[in-house]
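Coordinates in review
Residue strings, one per chain:
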Amino acid sequence: MSTAKNQKPSEREAQVGDAESSTNLSSSQMQKVLPQKTPLQEAVENFMVNTLVKDVKITIGKQVFECHSCVLRTFCKCFEQTLLSGKAFTLPEDKISAESFLLAYNWMISSDSSCQRGNLLDLLVAAEYLDAPRLVQSVYGALNDERFFSNLDAFNCFTEACTKGISSVADLMIDRIGKSFLVFVSSDEFRELNVNVVCTLLSSDLLGVHTEVEVFYAGLLWVISDYTERKMYLRRVLKSVRFELMPPPAQLNFGDRLNEMTPYALDLLLFLLYVTIINAQERTLHNQNGIPQRHRIYIKDPLCPYLDLLENRTEELSVTMFRDYILSLENEFDEFKARIVELVAEEETDEEEENAEENENANAKEGDDDEEEMEEEQCEIDDDEEENETVEVEEEEEDIDVDMLSEETEQDAIM
């Protein structure tokens with residue numbers, strides 16, 4: 001019996017049809033039926049903060065912090081074996097401040113913790129005292145991130161690190177800002193540095209300069225910017241300058257102008273020229289003993305107005321010319337860094353050429369030795385073949401003891 005065209009399907013048939021059609025839907029067409037769950041890290045953080053009992057107390061000065069011992073043991077090596085549940089600990093306020101400990105602990109318990117740039121060094125001090133290597137790594141990553149830590153921030157951080165005696169951070173910052181040294185000399189921040197930081201900066205191998213004369217003038221400008229208070233530091237500052245790296249014409253120019261100087265400046269420059277001679281002698285000895293000479297990072301700024309003087313007229317470079325140049329660089333960190341070219345010191349080039357020549361000579365010598373060995377081996381093979389031919393002829397002509405002949409042949413070969 002046929003079914004009428006307009007007859008409606010039964011309820012059972014409708015359910016079966018819906019089930020069949022649903023199986024034909026692709027996975028992309030199917031609607032989500034499960035609610036989105038909380039990410040595991042967030043769930044753990046919520047449990048720890050809201051449910052887990054804070055079982056230890058950390059006292060710093062007059063402040064008391066209730067903390068989770070499991071968190072401190074996980075992140076801080078200094079607490080791995082010593083921190084027990086229910087105990088109270090006192091940390092020395094002169095080693096770690098309450099504010100920096102709170103920053104460190106918040107970083108441990110939250111994935112969204114933040115720290116202001118001005119507090120990064122304090123946080124680093126806390127992390128190193130607590131022996132929290134992952135936090136230390138995180139702080140160094142922030143300090144080295146140019147997206148959030150500008151060149152001026154890095155310079156201020158270098159100053160603060162020098163003041164607090166954190167040499168590792170000072171080295172990291174000067175590695176970042178060294179090539180922009182001339183731009184920093186034009187800033188108010190440079191002129192406001194204390195003498196210890198200035199000497200540390202001028203003593204660095206990582207300063208980007210065209211010539212050592214610029215380092216000399218930078219030191220002079222720092223002293224002159226507050227001469228009454230800073231003239232007592234002149235000798236100390238200028239001892240950071242490597243006069244032996246200056247071109248000889250520049251050194252002679254200072255000698256020719258001794259009669260223009262005050263007695264104090266005259267005594268100082270004579271002392272510095274004496275140091276230059278001693279350093280030059282030490283430099284010669286170092287070169288003879290294979291000890292590399294300390295240099296700066298030599299650069300070339302195509303917009304430098306006295307670029308043409310640097311070849312063989314460095315003695316004409318005056319402090320006024322240098323001052324006008326650095327004033328034109330004020331706040332041009334990005335532009336300056338983009339256009340400068342880093343040069344290779346002549347001594348480094350000579351050393352590389354010498355090393356390359358030594359390697360070529362060594363390789364050539366090894367090749368000659370290999371050829372000689374191959375020739376000797378071929379000669380031995382030819383001798384053996386000739387001896388074997390002789391033995392065969394003698395065996396045919398005479399009845400000779402073959403064993404004895406082999407012995408004698410071996411002795412001849414050894415001889």
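Look up a bit, the structure's there.
Anyway, here's the lowdown on the structure attached to this text.

What counts, and at which threshold
- Residues numbered from 1 in each chain as written.
- Predicted model: local features only at pLDDT ≥ 70, side-chain atom pairs only at ≥ 80, totals over all residues.
- Heavy atoms only, no water.
- Pairing = 2+ DSSP bridges.
- Helix = DSSP H or I, 4+ residues; strand = E, 2+ residues; numbered from the N terminus.
- Disulfide = S-S within 2.5 Å.
- Buried < 20%, exposed > 50% of the residue type's maximum accessible area, 1.4 Å probe, protein only.
- Phe/Tyr/Trp six-rings, centres within 6.5 Å; stacked < 30°, edge-to-face > 60°.
- Lys NZ or Arg CZ within 6 Å of the ring centre and 35° of its normal.

1. Considerations on the sheet that holds strand 4 (residues 208–209)
Ordered by their spatial adjacency, 3 strands build an open sheet running 4-5-6, and the pairing between neighbours is mixed. Edge positions in the open sheet fall to strand 4 and strand 6 (341–342), since each of these has one partner strand only. The pairing of strand 4 with strand 5 (residues 297–300) spans 2 bridges and is classified as parallel. When the sheet's bridge partners are listed, glycine 208 is paired in strand 5 with isoleucine 297.

2. A short note on the state of the cysteines
Overall, the coordinates contain 0 disulfides when judged by the stated rule. The thiol of cysteine 157 is not disulfide-bonded; the next cysteine sulfur, from cysteine 162, is found 9.6 Å away. With a relative accessible area of 22%, cysteine 162 lands in the partly exposed category.

3. With respect to the packing of aromatic side chains
Counting across every chain of the model gives 11 aromatic pairs. Here the aromatic rings of phenylalanine 65 and phenylalanine 101 are separated by 5.3 Å at their centres, their planes lie at 50°, and the arrangement is tilted. Of this pair, phenylalanine 65 sits in strand 2 (residues 63–67) while phenylalanine 101 is found in helix 4 (residues 98–109), placing the two residues 36 residues apart along the sequence. The exposure classification of phenylalanine 65 matches that of phenylalanine 101, with both residues buried. Centroid distance tyrosine 217 to phenylalanine 322: 6.0 Å. Interplanar angle 40°. Geometry classified as tilted. Residue tyrosine 217 is found in helix 12 (residues 212–224), and its partner phenylalanine 322 is found in helix 17 (residues 319–327); the two are separated by 105 residues along the sequence. Pair check on accessibility: tyrosine 217 and phenylalanine 322 agree, each one buried. If you follow arginine 230 out to its NZ or CZ, it ends over the ring of tryptophan 222, 4.1 Å from the centre.

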